[in-house]
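Descriptive structure summary
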Amino acid sequence: GKGEIGLQGEKGMKGERGMKGSKSDKLNFSELAGLLEECFPWNYRVLNETWRKPSEHASKVGYHCDISSQPHGFQAGWHLFSHTIGGAMPETCTAENYCGTTASGWLKGSHPTLTGERVSRTVCFSHRDNCCHFPTDIEVINCENYYVYNLPYTPNCTRAYCAQG
């Protein structure tokens, strides 16, 4: 159908992400749910570390970072923030040395409001009295009852993505 063409075009550009089944099966399932494939659990990783909360000072919980060299740690790609740590990224500047890191990442701009809506946003990292140090481009999707974020690795330590708390 008409929706399949649009989704196929998006999927074709991004490539398969290790999902099983034929492309048409996945597209039909996505269409029935009215959501993008990124919204399904097999397409995102859950971030649930309590140190990501804005109340967690790094001096007490350790200095963490979301870089590529951490074995079994953060992986770039689509993520959901667990409801246990707030379910979303904060939309206001977070304090330096909180969220378990030196430079805490927060979402500049609002979350998408419509189910299935995908928006481009900037993550800012609070560092050295600058609320928007190291701006980083990401995507956010509204998956009806939660959001998923396409988060890249941070370029260095100690920089990490903050949860709403």
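Up top is the structure these notes are about.
Summarised in this report is the structure supplied together with it. Predicted, not measured: the structure shown is a model, and the values here were computed from it. (Residues numbered from 1 in each chain as written. Predicted model: local features only at pLDDT ≥ 70, side-chain atom pairs only at ≥ 80, totals over all residues. Heavy atoms only, no water.)

1. Description of the environment of P54
The condition that has to hold: For helices the rule is a DSSP run of H or I covering at least 4 residues; for strands it is a run of E covering at least 2, with both sets numbered from the N terminus onward. Two residues form a contact once any of their heavy atoms are found within 4.5 Å.
You can see P54 is positioned in the loop between β1 (45-47) and α3 (58-61). Expressed as a C-alpha distance, the spacing of P54 and G100, which sit 46 residues apart in the sequence, is 8.0 Å. Beyond its immediate chain neighbours, meaning those up to four positions away, P54 contacts Y98, C99, C162, A163, Q164 and G165.

2. What about the packing of aromatic side chains?
Remark: the centre distance and the inter-plane angle together describe each pair of aromatic rings, the angle taken between the planes. This is how it is decided: The rule is short: rings of Phe, Tyr and Trp, with Trp giving its six-membered ring, pair when the centres are within 6.5 Å, and they are stacked under 30 degrees, edge-to-face over 60, tilted in between. When a residue's accessible area, from a 1.4 Å probe over protein chains only, is under 20% of the maximum for its type it is buried; when over 50% it is exposed; and in between it is partly exposed. Think of it as a cone above the ring: NZ of Lys or CZ of Arg counts as a charge over the ring if it is within 6 Å of the ring centre and within 35 degrees of the ring normal.
Scanning the model with the defined rule gives six aromatic pairs in all. Taking the centre distance of 5.3 Å and the plane angle of 10° together, the rings of F40 and W42 count as stacked. By relative accessible area, which is 9% here, F40 ends up buried. Taking relative accessible area as the criterion, W42 reaches 46% and is therefore assigned partly exposed. The rings of F74, F125, Y153 and Y161 are connected pair by pair, giving a single aromatic cluster. Above the face of the F134 ring, R159 is positioned so that its terminal group lies 3.4 Å from the ring centre.

3. Observations regarding the environment of E38
Keep this limit in mind: Polar contacts here mean pairs of N or O atoms no more than 3.5 Å apart (in protein, one a potential hydrogen donor and the other a potential acceptor; neighbouring residues in sequence count only if both atoms are side-chain atoms).
For E38, the location among the structural elements is in the loop between α2 (23-33) and β1. For E38, a relative accessible area of 4% translates into the label buried. Taking the C-alpha atoms as reference, E38 lies 8.0 Å from I141; in sequence the two are 103 residues apart. At a separation of 3.3 Å, a polar atom in the side chain of E38 contacts the side chain of R118.

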